[in-house]
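Examination of the molecular architecture
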Amino acid sequence: MRRRALIASIAVVAGVVLAPPTSALAATTRYEAESATCTGTIDTNWAGYSGSGFCNGNNAAGAYTQVTVNAATSGTATVGVRFANGTTTARPATLIVNGTGVQTLPFEGTGAWTTWATSTATVPVNAGSNTIRLDPTTAAGLPNVDYLDVEVGASSPGLPSSFQWRSSGQLIAPKSDATHNLRAVKDPTVVYSGGRYHVFVSTTNQSGSYSMAYLNFTDWSQAAAAPLTYLDQTPIGTGYKAAPQVFYFAPQNLWYLVYQTGSNAAYSTTTNIANPQSWTAPKTFYASGMPQIIRDNIGSGYWVDFWNICDNAKCYLFSSDDNGHLYRSETTLAQFPNGFTNTVIAMADSARYPLWEASNVYKVTGSNTYLLVIEAIGTAGRRYFRSWTAPAITGPWTTLAGTQTAPFAGANNVTFDGTAWSQDISHGEMIRNGTDQTLTIDPCNLRYLYQGKDPNASDSYSLLPWRVGLLTQTNSTC
Ligand code: GCU
Ligand code: CA
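Quick summary incoming for the structure in this document. (Residues numbered from 1 in each chain as written. Chains lettered and ligands numbered in written order. Predicted model: local features only at pLDDT ≥ 70, side-chain atom pairs only at ≥ 80, totals over all residues. Heavy atoms only, no water.)

Thoughts on the side chain of Asn-264
- Here Asn-264 lies in the loop between strand 18 (254-260) and strand 19 (265-270).
- Among the polar contacts listed, one links the side chain of Asn-264 to the backbone oxygen of Tyr-286, at a separation of 2.9 Å.
- Residues within four places of Asn-264 in sequence aside, it is in contact with Tyr-259, Thr-284, Phe-285, Tyr-286, Gly-289, Trp-303 and Phe-306. (Helix = DSSP H or I, 4+ residues; strand = E, 2+ residues; numbered from the N terminus. Polar contact = N/O pair within 3.5 Å; in protein donor to acceptor, adjacent residues only side chain to side chain. Contact = heavy atoms within 4.5 Å.)

Comments concerning the state of the cysteines
- Under the definition given, this model contains three disulfides.
- Here Cys-310 engages in a disulfide with Cys-315; their sulfurs sit 2.2 Å apart. Here the disulfide of Cys-310 and Cys-315 is right-handed, its torsion about the S-S bond being about 100°. This pair shows no difference in class: Cys-310 is buried, exactly as Cys-315 is.
- Disulfide pairing places Cys-444 opposite Cys-478 at an S-S distance of 2.1 Å. Disulfide Cys-444-Cys-478: torsion about the S-S bond near -115°, hence left-handed. With Cys-444 in the loop between strand 31 (440-441) and strand 32 (447-452) and Cys-478 in the segment after strand 33 (467-473), this pair connects stretches of sequence that are 34 residues apart.
- What makes Cys-444 buried here is its relative accessible area of 19%. (Disulfide = S-S within 2.5 Å. Buried < 20%, exposed > 50% of the residue type's maximum accessible area, 1.4 Å probe, protein only.)

Structural notes on the pattern of salt bridges
- Within the structure shown, the criterion is met by 11 salt bridges.
- Two residues, Asp-149 and Arg-30, come together in a salt bridge whose shortest N-O distance is 2.8 Å. In this pair, Asp-149 is assigned in strand 11 (residues 144-152) and Arg-30 in strand 1 (residues 28-32), connecting sequence segments 119 residues apart.
- For the salt bridge of Arg-82 with Asp-146, the shortest nitrogen-to-oxygen distance reads 2.5 Å. One end of the pair, Arg-82, is in strand 6 (residues 75-84); the other, Asp-146, is in strand 11, with 64 residues separating them in the sequence. A single burial state applies to Arg-82 and to Asp-146, both of which are buried.
- The network of salt bridges with common partners includes Glu-357, Glu-375 and Arg-383. (Salt bridge = Lys/Arg side-chain N within 4 Å of Asp/Glu carboxyl O.)

Considering the site of ligand 1
- Taken together, Asn-45, Trp-46, Asn-56, Asn-59, Arg-91, Trp-113 and Asn-144 make up the full set of residues near ligand 1.
- In the model, an oxygen atom of ligand 1 is placed 2.9 Å from a nitrogen or oxygen of the Trp-46 side chain.
- Interatomic distance of 2.7 Å between a side-chain N/O atom of Arg-91 and an oxygen atom of ligand 1.
- Look at ligand 1: alone it shows 320 Å² of surface, and the protein chains cover 73% of it. (Near = heavy atom within 4 Å. Areas by Shrake-Rupley, 256 points an atom, 1.4 Å probe, with all protein chains shown as cover.)

Right, dumping it as structure tokens:
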């Protein structure tokens, strides 16, 4: 009976739907009540809401809130409704998807109109456009509604369990001038923005001293010809600096370049990634230097390879110690780049070589999965990457492809265009599908920019002739 009555009420009010954000790729899309259809008023008098207000529905049956959700494929969606009910009586509502009542959410009293809670349901969705409506089942109407968080599942096939790659030839090699006699370019980080790839690398010179360089180009075929800007000739300055990571920190509208200085993690910022002269002078992340837990565990290793990734609430700074430990510090999104604290061992191995350095952590678009890769040193000293996945940046991490025989990327699963110029697949970074601090990657057709070297080179580490090449996944099923 109730269901029939509800469907009838939809017919009366159909066609009042606001244009929704399109979310075919986003894992979770927030539909603020102030942007949804609200049979009532958009109010701001009770604190704690997100966005610019909440829907205070009329206290009447049929006074609904509705959003339109786009799903890439049919499947299920998780709907989280944030609400407040300052009365002591529940305000139940039917969740109606595309005109069909799916389930009733109770919306019990939350204790105060300023106390917000989230009620979650899983609902079926069609490919394309779907209406999701909250329709009160009593004449008291809805609770105050802040937003609906909708996560459409089954829109992404996720990561495979094994990987196969083809490598380009050497794409980026040293370019020297009168004051920079380079030996290697290494540790690439890359972002695609404004129609160009922006690549930052470490450099070493003939005496084994580290610095960094920048280049940009529209296409990988142009990489070899792109001029290098030596970052010691920018406000980033001279002295030991290496292992860059670049991303856009959207909350501040700033690009960040994160790098190591030996004794600390440092960063520079700019509003224009294409202008290397616009980077700010280095600042450090750790006000008190190396955290105690790292001092206690680093042994004779080195504190290297800083990697920042953020979720909706926090930013996490990872680092390695060449002694079998991956560390993770955290700060809030609001405090970033300050306040990194709570440093923990995110992963450890009793042997140092299997958990060496050069970690990357990414969010896989269209799923609640994070990918972690860490460089290991295998037999014959060859570098390769191991991989893990987790539902959150803080883990727990489950091995994905983690051996030298079946690695994430290594000599055993990489073939070459032409000469096999490297047997090492070493420090690098994935080609992301975005630019911001959430470090998103598409799980399909992965590409990984890496450092490799002549298999016969036998110099000390800082004199090895590293070059940069690009891996393209060949076993993508999507
Ligand atoms: C109060 C409160 C509103 C709420 C309403 C209700 O008027 O201020 O925010 O929507 O009660 O009972 O629905
Ligand atoms: Ca109300």
